[in-house]
Amino acid sequence: MASINVAMTVNGKAASGTVEARTLLVQFLREKLGLTGTHVGCDTSQCGACVVHVNGKSVKSCTILAAQADGAKIITIEGLAKNGELHPMQAAFKEHHGLQCGFCTPGMVMSAVDLVQNNKNPSEQEVREWLEGNICRCTGYHNIVKAIQAGAKAMGR
Amino acid sequence: MADTGIGASVRRREDARFLTGRGNYTDDINRPGQVYAYMLRSPHAHARIKKLDTKKASKAPGVVAIFTGADMKTGGLPCGWLVKNQDGSNMAEPPHPPLAQDFVRHVGDQVAVVIAETRDQAKDAAELIDVDYQPLPAVVSLADAVKPKAPQVWEQAKGNLCYDWAIGDKAAVDAAFAKAHHVSKLDLVNNRLVANAMEPRAAIGEYDNLSGDYTLYTTSQNPHVIRLLMGAFVLQLPEHRLRVVAPDVGGGFGSKIYHYAEEAIVTWAAPKVGRPIKWTAERSESFISDAQGRDHVTHVELALDKNGKFLALKVQTLANMGAYLSTFATCVPTYLYATLLAGVYTTPVIWANVKAVFTNTVPVDAYRGAGRPEATYLLERIVDVAARDLKQDPADIRRRNFIQPSQFPYQTPVALQYDTGNYEATLDVAMKMIDYKGFAKRKEEAAKRGKIRGIGLACYIEACGIAPSAVVGSLGARAGLFESANIRVHPTGSVSVFTGSHSHGQGHETTFAQVVSDMLGIPIEQVDIVHGDTGKIAFGMGTYGSRSIAVGGTAIVKALDKVIAKGKKIAAHLMEAAEADIVFKDGKFSVAGTDKSKTLTDISLTAYVPHNYPKDLEPGLEEQAFYDPLNFTFPSGCYIAEVEIDPDTGVTKIMRFVASDDFGKIINPMIVEGQVHGGLAQGIGQAMLEDCLYDKESGQLLTGSYMDYCMPRADDLPSFEVKHSDKPTPCTHNPLGVKGCGEAGAIGAPAALMNAISNALGIAHLDMPATPERVWRTIQKQKMPQAAE
């Protein structure tokens, strides 16, 4: 199996490694960099537990190869809180009980932050449609939707 | 204290780690030198293994070892509940080997385990294993399995029958039917579901050859039970040599209760390869290896008098067990289902017959609600059919038959005794919330827009807090069920609570801490909740059946009582008072009638550094309790759904969904509401989207990934309106008065929705899920002239 050297910026720090050509970005993050906050919930790119930001946009890290992210700027859930303070979206999820088992949560939060980057004040329907690519089995989405709308407001402040 | 004590919506302390990516799920754990396991699984639903050659695969890059059923001849995975046939004989109980022995019986059955340096290498090597299968005829549906010439899943289970069980008085039921004014009848299917916790199952087996100690990290809802089953039956390891850790677990919904083959395989193989072994399921693998849920076919008849009073209920159910008996499988369609067929009604006589059937499908076991959703669905559907038959309002017919508050404790004709309830109160609240009276107007308005509007209600009851050891024992459980708690008060007054309950999303670290902080009168920050590790906790029966707060929480209360009693002894000694004069209140031990008092911290410090204790006072402040309740708890409620159907597309839109529940006393309203939301989503998923389907001929799973099993997504669901009853009825037999809330939504929602959809369509019944296609076809059929049918 051919090996490839990859280098990228992850959460503001340089990261590099040698991977098999078939290595997915999520595998590189979890297994080579030990950033286990990004989760794998399915093998068909349906669940969204692995969403990270690649060059500022939300991407399912199981849908791209590590090699495709060579040179990219990646933000994972571990890179969202700053100076020990939760990101406003993370804080909103806590305040509005937008999580239960926590497994889909990192992907939800990363998706939500990208939504608000594009739409500062999303309606309930817009939030629900945006979450098409993220599955949660615990919350019934009710509180996730509330949390994202509150998080959007807090991010705008 | 008020803002963090019992009854406060304390924000969850576990959230910080989950929100920042610092959760510690099994697949996040990496052990030094770890290797990876991949399970080679059967592509056939039923076959004989003629040849299994691993030579070529064992030479593939990175391969460390390959094991097959020929290598692993251990005990089988045990079934925890013994059901007796009507004639008193035992159920058929075929073996369940962790790795297939000569035969495979469902798609996904484990045939071999490949262990390699990387996951990908293990997977690559598995491709090189040469298996020669002789395919055998397979059977997947209940209807086919009980046909006279059906293929046989097990030689020792004639006619594919696991058991033929019954409850109730058949003669009395027949007599009541003979005298009835009217009999309503219905055939219905409770569709098979896949639990689909977002975290796929995973396991890491580790062995220390110097100490002889095994450690298993696993995605389990009850680590102690896994240790017990694996230790006593499968691998026969002494408990003190086997530690089972279930760290953060990403949802369970029942599918992580059971002891699975993969856990046994990685633990058994760890000493053989001399390195820790990690196995993580892929989602498509979860679809063919996690126990699935529901899958009943039922014929029900309800006898009524001319006023619509229920006289008798007769139920005949076929329940699919799949190919093997999973840990709880046999108790679900019997003791968790048929015993709830009285529902919230005074039906005087009931008879239910359940036949459990083997098929060449993935094993079926408890899934959120387990038996209770099946009972509620069938009962609340037949009640609606009866209302339709007798031209009565569905709310009125229910009201007429409710068990009244004055009738508690109420003994049902199917074994259970309900302690409290007020069914009319929850019905009233729900009807008010949705403006039931205003429905006709809304229907008219919808019709003007070309939409068909319907309303449906369901009144559920559930038996929660699964435990009473004597009761479950009499029902065939091979183990009693209870819960344990250990409270360790540290010298400076902080507290560690060791609980046998397991949290996989329910928020125990917060709720349990609220109870402790409230009772001891100390800040919640001083309370630590420890769970999920057999190395730390004496014993536990885990979390399922909404038992955590009712059973686990009460065990904590019992241990706290002992801590306070010991604290009083110490306080009496310190203040030179009689023990009987010590009063404990708001975190202080005081001498009655004086201003002398000591804080818990004074007491705990003295407990650990004594130098002048009397002889009969032991140092230390740590207490343990095991709690076995006297009865189940019986939460109940009323759910109402209002839907609009587009007749051109068959698409059903939920306009509103209101839930009114009585959970007794509530510890954390925010968490309780979250539990209801999640349950509703799963109940609505069953009613409208989810369906686990097998190909009838080949036994292949047709819905084997998120591409084709329809998981509810955010825009499939409405916002929910949830209210706890205005008149809650606290549980009478636990000190907290709590009942449990985790499964309610999944129990009540399917019937409410299907009643609403049937109401909209003006038909007696439609099987779940009410997909647009199924609804559209129903509408088209109605348009056809009668003769065409």
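This is a predicted model, so every value here is computed, not measured.

## Comments concerning the overall build of chain A
And then number 1: For chain A, the helix and strand inventory stands at five helices and five strands.
And then number 2: Beginning at the N terminus, the succession of helices and strands in chain A can be written as β-β-α-β-β-β-α-α-α-α.
And then number 3: Counting only C-alpha atoms, chain A reaches 45 × 30 × 25 Å along its principal axes.
And then number 4: When burial is assessed residue by residue, chain A has 56% of its 157 residues classed as buried.
And then number 5: Residue pairs at least 24 apart in sequence account for 57% of intrachain contacts in chain A once pairs closer than 6 positions are excluded.
And then number 6: A total accessible area of about 6200 Å² is found for chain A, and carbon and sulfur atoms account for 49% of it.
And then number 7: Each charge class in chain A was averaged separately, 15 positive and 12 negative side chains, and the resulting centres sit 4 Å apart.

## Some points on helix α10 (residues 394–401) of chain B
Residues and elements named next belong to chain B.
And then number 1: Here α10 has its buried residues at Ala-395, Ile-397, Arg-398 and Asn-401. With its buried residues spanning 165° around the axis, α10 presents them on a single face.
And then number 2: At its buried positions, α10 is contacted by β15 (296–304), β16 (310–322), α9 (372–389), α11 (423–434), β20 (452–461) and α18 (744–761).
And then number 3: N-cap assignment for α10: the residue whose side-chain oxygen lies 2.7 Å from the backbone N of Ala-395 is Asp-393.

## Brief notes about the environment of B:Ile257
Residue and element names in this part refer to chain B.
And then number 1: You can see Ile-257 is positioned in the loop between β12 (242–245) and α7 (261–273).
And then number 2: Taking relative accessible area as the criterion, Ile-257 reaches 4% and is therefore assigned buried.
And then number 3: Every residue in contact with Ile-257, bar those within four places of it in the chain, is listed here: Gln-221, Asn-222, Ile-226, Phe-328 and Tyr-544.

## Some words on the interface of chain A and chain B
And then number 1: Each partner contributes to the interface: chain A provides 47 residues, whereas chain B provides 52 residues.
And then number 2: Buried area between chain A and chain B, summed over both chains or domains, comes out near 4300 Å², and the portion from carbon and sulfur atoms is 53%.
And then number 3: Across the contact surface, chain A and chain B share seven salt bridges.
And then number 4: The salt bridge involving B:Arg119 is made with A:Glu31; its shortest N-O contact spans 3.3 Å.
And then number 5: For the interface between chain A and chain B, the tally reads 29 residue pairs in polar contact (both at pLDDT 80 or more).
And then number 6: Elements with a contribution of two residues or more to the side of chain A that touches chain B: α1 (25–32), α2 (88–95), α3 (105–118), α4 (124–130) and α5 (142–156) of chain A.
And then number 7: Grouping the constituent residues of the side of chain A that touches chain B by class yields 17 nonpolar, 18 polar and twelve charged.

## What about the nonpolar core?
And then number 1: Judged by nonpolar contacts, the single largest core of 243 residues is most densely connected at A:Phe93, B:Trp81, B:Tyr418, B:Ile640 and B:Phe657.
And then number 2: Broken down by element, this core gets its largest block of residues, 13 residues, from helix α15 (residues 548–574) of chain B.
And then number 3: Once residues within four sequence positions are removed from consideration, A:Phe93 is found in contact with A:Gly98, A:Leu99, A:Thr105, A:Met108, A:Val109, A:Ala112, A:Ile144, A:Ala147, A:Ile148 and B:Leu19.
And then number 4: One finds B:Val35, B:Met39, B:Tyr214 and B:Ile265 within the second-largest nonpolar core, a separate group that totals 31 residues.

## Focus on helix α17 (residues 669–688) of chain B
And then number 1: In this model, α17(B) (20 residues) spans 28 Å end to end at C-alpha, consistent with the 28 Å of a helix rising 1.5 Å per residue.
And then number 2: For α17(B), a buried count of 18 out of 20 residues is recorded, marking the element as mostly surrounded by other parts of the structure.

## Quick notes on the packing of aromatic side chains
Residue and element names in this part refer to chain B.
And then number 1: Under the definition given, this model contains 25 aromatic pairs over all chains.
And then number 2: Among the aromatic residues, ring-to-ring pairing joins Trp-81, Trp-165, Tyr-258, Tyr-260, Phe-328, Tyr-335 and Tyr-544 into one connected group.
And then number 3: The ring of Trp-351 is capped by Lys-170, whose NZ or CZ atom sits 5.2 Å from the centre of that ring.
And then number 4: Directly above the ring of Tyr-260 sits Arg-201, whose terminal nitrogen or CZ lies 3.5 Å from the centroid.

## Remarks on the pattern of salt bridges
Residue and element names in this part refer to chain B.
And then number 1: What the rule picks out here adds up to 48 salt bridges over all chains.
And then number 2: Taking the shortest distance from any N to any O, the salt bridge between Arg-398 and Glu-380 comes out at 2.8 Å. Within this pair, whereas Arg-398 is found in helix α10, its partner Glu-380 is found in helix α9, the two being separated by 18 residues in sequence. For the pair Arg-398 and Glu-380, one class covers both residues: buried.
And then number 3: Of the charged contacts, one joins Arg-398 and Asp-384 as a salt bridge, the two residues approaching to 2.9 Å between their closest N and O atoms. Of the two residues, Arg-398 is situated in helix α10 and Asp-384 in helix α9; the sequence distance between them amounts to 14 residues.
And then number 4: The exposure class assigned to Arg-398 is buried, which follows from its relative accessible area of 0%.
And then number 5: Through salt bridges with shared partners, a single ionic network connects Asp-435, Arg-442, Glu-445, Arg-449, Arg-453, Glu-642 and Glu-644.

## Looking at the packing of helix α6 (residues 223–234) of chain B against α7(B)
Residue and element names in this part refer to chain B.
And then number 1: Where α6 contacts α7, the axes come no closer than 11 Å and their chain directions differ by 65°. Two packed elements cross with a definite hand, and for α6 against α7 that hand is right-handed. Each of Ile-226, Met-230 and Val-234 in α6 lies in contact with α7, whose residues at this interface are Glu-263, Ala-264 and Thr-267.
And then number 2: Split into classes, the residues belonging to the contact of α6 with α7 amount to four nonpolar, one polar and one charged.

## A look at a nonpolar patch on the surface
All names here are of chain B.
And then number 1: On the surface, a nonpolar cluster with roughly 250 Å² of combined accessible area is contributed by Leu-605, Tyr-608 and Val-609.
And then number 2: Tracing the sequence through the fold places Tyr-608 in helix α16 (residues 600–608).
And then number 3: Relative accessible area serves as the criterion here: at 31%, Tyr-608 is assigned to the partly exposed category.

## Remarks on the sheet that holds strand β5 (residues 73–75) of chain A
Sheets are built from strands that pair by backbone hydrogen bonding, the pairs being arranged parallel or antiparallel.
All names here are of chain A.
And then number 1: Pairing is mixed in the open sheet, where five strands are placed in the order β2-β1-β5-β3-β4. The open sheet has two edge strands with one neighbour each: β2 (13–20) and β4 (57–60). If you compare each strand with its neighbour and ignore which way they point, the axes differ by 40° on average.
And then number 2: Judged from the two bridges that link them, strand β3 (residues 51–54) and β5 form a sheet pairing that is antiparallel. The residue of β5 that forms the bridge with His-53 is Ile-75.
And then number 3: Here α1 sits on the sheet and contacts β1 (3–10), β2, β3 and β5; the angle it forms with β2, its principal contact strand, is near 110°.
And then number 4: Of the strands in this sheet, β3, β4 and β5 touch α3, which is tilted by about 40° from β3.

## What about the pairing of β2(A)?
Residues and elements named next belong to chain A.
And then number 1: Of the pairings in the sheet, the one linking β1 to β2 comprises eight bridges and is antiparallel in character. Pairing of Asn-5 across the sheet is with Thr-18, part of β2.
And then number 2: Hairpin connection, β1 to β2: the antiparallel pair is bridged by two residues, and Asn-11 has positive phi, about 50°.

## Structural notes on the sheet that holds strand β25 (residues 588–591) of chain B
Residues and elements named next belong to chain B.
And then number 1: Taken together, the three strands give an open sheet; going across it, the order is β24-β25-β26, and neighbouring strands pair in antiparallel fashion. Bordering the open sheet on either side are β24 (582–585) and β26 (597–599), each of which pairs with just one other strand. Within this sheet the neighbouring strands show an average axis-to-axis angle of 20°, counted without direction.
And then number 2: Alignment of β24 against β25, held across four bridges, turns out to be antiparallel. Bridging across to β25, Val-583 finds its partner in Ser-590.
And then number 3: In the packing of α16 onto the sheet, contacts are made with β25 and β26, and the angle to β26 comes to roughly 75°.

Rules behind the numbers
Residues numbered from 1 in each chain as written. Chains lettered and ligands numbered in written order. Predicted model: local features only at pLDDT ≥ 70, side-chain atom pairs only at ≥ 80, totals over all residues. Heavy atoms only, no water. Helix = DSSP H or I, 4+ residues; strand = E, 2+ residues; numbered from the N terminus. Buried < 20%, exposed > 50% of the residue type's maximum accessible area, 1.4 Å probe, protein only. Contact = heavy atoms within 4.5 Å. Areas by Shrake-Rupley, 256 points an atom, 1.4 Å probe, with all protein chains shown as cover. Lys, Arg positive; Asp, Glu negative; His and termini not counted. Charge placed at Lys NZ, Arg CZ, Asp CG, Glu CD. Arc of directions from axis to C-beta. Polar contact = N/O pair within 3.5 Å; in protein donor to acceptor, adjacent residues only side chain to side chain. Buried area = accessible area lost by both parts, 1.4 Å probe. Salt bridge = Lys/Arg side-chain N within 4 Å of Asp/Glu carboxyl O. Nonpolar A, V, L, I, M, F, W, Y, C, P; charged D, E, K, R; others polar. Core = buried A, V, L, I, M, F, W, Y, C linked by side-chain atoms within 4.5 Å. Expected span 1.5 Å × (residues − 1). Phe/Tyr/Trp six-rings, centres within 6.5 Å; stacked < 30°, edge-to-face > 60°. Lys NZ or Arg CZ within 6 Å of the ring centre and 35° of its normal. Axes fitted to C-alpha atoms, helices over the stretch in contact; angles between N-to-C directions. Left-handed = near helix turned anticlockwise from the far one by under 90°. Patch = residues over 30% accessible without salt bridge, like charges linked within 9 Å, V, L, I, M, F, W, Y side chains within 5 Å. Pairing = 2+ DSSP bridges.

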